[in-house]
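Okay, here's what each chain looks like letter by letter:
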Amino acid sequence: MTLNEFVKRKDFLICVDSDGCAMDTMDIKHIRCFGPCMLDEWNLHNWETPILTRWNDINLYTMTRGINRFKGLAKMLREIHEGYTEIEGIEELEKWVAESDELSNTALQRAIDKTGSICLKKALEWSVQVNASIDRLEESDKKPFEGVKEALEYAHEYADIAIVSSANAKAVLDEWELYGLLDYVDIVLAQDAGSKAFCIGELVKKGYDKDKMMMTGDAPGDRDAAASNGVYYYPILVRHEKESWEEFVTEAVQRLVSGTFGGAYQEGKIRKFEENLK
């Protein structure tokens, strides 16, 4: 179903991110794919432990959680260049990340065709290898967090449910279908549907009151997408996902439905979210 085809059925709408929020896939992709592929591409194994630790901090455990892969790469390679070993052409990657209006493999290939930059070529090869590595992960490695299915089933009694994710659409559909989560979802809006902020804005136009809408996510980008549209944000806290989904059922949904989500509760959830990523 597309955005144009989607029709509001209930008074309330709950949007849910996928990777790192509903699906326990974000950590494993960075720990087993993104970081190790960077070590291989730039031959950084002499400094494996501190570099991988820092990569995970940037992408998983601080306020840059959920950063675009190429922005994260440029940030990490700059630190490596200054602290460990020379990264040839790092400035060219930083320039592309700062100036490109599209940060994708396709856009990167266009920049390579124009510049021939060795750093851009290596960044593309890294990205391709990351995707291949992710594809090789076992299905058993890509599971929902504990309590997610029950939480979605509960919430769907009160609200329409929309997946709002920046991940690949096929991957989202495959992963959610495998574990029976799509039974409680009314629309899937992934990478090909536009940014999270755009998708939430389009859903607002379906006739929901903004104080009856909630974005559930795990990264600052989810918080910002909710804020830019004036809807509530419920955070799934990294390293505390099980407890976050439990509270989603025991308190957050009922607060949304009863009109008591805003004010002190919302402010407290955002404060805890930000403190958890410091």
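**Description of the overall build of the protein chain**
Link 1 in the chain: When helices and strands are counted, the protein chain shows 12 helices and 7 strands.
Link 2 in the chain: Here the C-alpha coordinates of the protein chain stretch approximately 55 × 35 × 35 Å along the principal axes.
Link 3 in the chain: Of all 278 residues assigned to the protein chain, the portion counted as buried reaches 49%.
Link 4 in the chain: Pairs at least 24 residues apart make up 70% of the contacts formed inside the protein chain by residues separated by at least 6 positions.
Link 5 in the chain: In the form shown here, the protein chain has an accessible surface area of approximately 13,000 Å², with 46% of it arising from carbon and sulfur atoms.
Link 6 in the chain: Within the protein chain, the 51 negative side-chain charges are centred at a point lying 3 Å from the centre of the 34 positive side-chain charges.

**Examining the pattern of salt bridges**
Link 1 in the chain: With the rule as written, the count across this model stands at 21 salt bridges.
Link 2 in the chain: The salt bridge partner of arginine 54 is glutamate 79, with a shortest N-O separation of 2.8 Å. Of this pair, arginine 54 sits in helix H2 (residues 48-61) while glutamate 79 sits in helix H3 (residues 69-83), and the two are 25 residues apart along the sequence.
Link 3 in the chain: When its relative accessible area of 27% is taken as the criterion, arginine 54 is described as partly exposed.
Link 4 in the chain: With a relative accessible area of 25%, glutamate 79 lands in the partly exposed category.
Link 5 in the chain: Here glutamate 91 makes a salt bridge to arginine 78, at a shortest N to O gap of 3.9 Å.

**Side note on the sheet that holds strand E1 (residues 12-16)**
Link 1 in the chain: On the basis of which strands lie adjacent, the open sheet formed by 5 strands has the order E5-E4-E1-E6-E7 and parallel pairing. Sheet topology places strand E5 (187-189) and strand E7 (232-235) at the edges, where each strand pairs with a single neighbour. In this sheet, neighbouring strand axes are inclined to one another by 25° on average, regardless of whether the strands run parallel or antiparallel.
Link 2 in the chain: Two strands pair when backbone bridges link them, and E1 and strand E6 (residues 213-217) are joined in this way by 4 bridges, in the parallel orientation. If you follow valine 16 over to E6, its bridge partner there is threonine 216.

**A closer look at the environment of leucine 120**
Link 1 in the chain: Along the polypeptide, leucine 120 turns up in helix H6 (residues 118-135).
Link 2 in the chain: Residue classification places leucine 120 among the buried positions, given a relative accessible area of 3%.
Link 3 in the chain: Each C-alpha atom, one on leucine 120 and one on asparagine 43, is 16 Å from the other, the two residues being 77 residues apart in sequence.
Link 4 in the chain: Leucine 120 has contacts with Glu92, Leu93, Trp96, Leu108, Ala111, Ile112 and Thr115, leaving out every residue within four places of it along the chain.

**Some thoughts on the nonpolar core**
Soluble globular proteins: nonpolar side chains tend toward being buried together.
Link 1 in the chain: Membership of the largest hydrophobic core comes to 35 residues, with the highest contact counts inside it found for Met38, Trp42, Leu77, Leu93, Trp96 and Trp126.
Link 2 in the chain: Elements with a minimum of two residues in this core: helix H1 (26-42), H2, H3, helix H4 (90-99), helix H5 (105-115) and H6.
Link 3 in the chain: Sequence-distant contacts of tryptophan 126, that is, excluding residues within four places in its chain, are made with Phe34, Cys37, Met38, Glu41, Trp42, Trp55, Arg69, Phe70 and Leu73.

**Brief notes about the packing of H4 against H6**
Link 1 in the chain: The contact between H4 and H6 brings their axes to 7 Å, and the two run at 65°. As the angle between them shows, H4 and H6 are arranged roughly perpendicular. Between H4, through Ile90, Glu92, Leu93 and Trp96, and H6, the contact on the second element is made entirely by Cys119, Leu120 and Ala123.
Link 2 in the chain: Residue composition of the contact of H4 with H6, by class: 6 nonpolar, no polar and 1 charged.

Definitions and cut-offs
- Residues numbered from 1 in each chain as written.
- Predicted model: local features only at pLDDT ≥ 70, side-chain atom pairs only at ≥ 80, totals over all residues.
- Heavy atoms only, no water.
- Helix = DSSP H or I, 4+ residues; strand = E, 2+ residues; numbered from the N terminus.
- Buried < 20%, exposed > 50% of the residue type's maximum accessible area, 1.4 Å probe, protein only.
- Contact = heavy atoms within 4.5 Å.
- Areas by Shrake-Rupley, 256 points an atom, 1.4 Å probe, with all protein chains shown as cover.
- Lys, Arg positive; Asp, Glu negative; His and termini not counted.
- Charge placed at Lys NZ, Arg CZ, Asp CG, Glu CD.
- Salt bridge = Lys/Arg side-chain N within 4 Å of Asp/Glu carboxyl O.
- Pairing = 2+ DSSP bridges.
- Axes fitted to C-alpha atoms, helices over the stretch in contact; angles between N-to-C directions.
- Core = buried A, V, L, I, M, F, W, Y, C linked by side-chain atoms within 4.5 Å.
- Parallel < 35°, antiparallel > 145°, perpendicular 65-115°, else oblique.
- Nonpolar A, V, L, I, M, F, W, Y, C, P; charged D, E, K, R; others polar.

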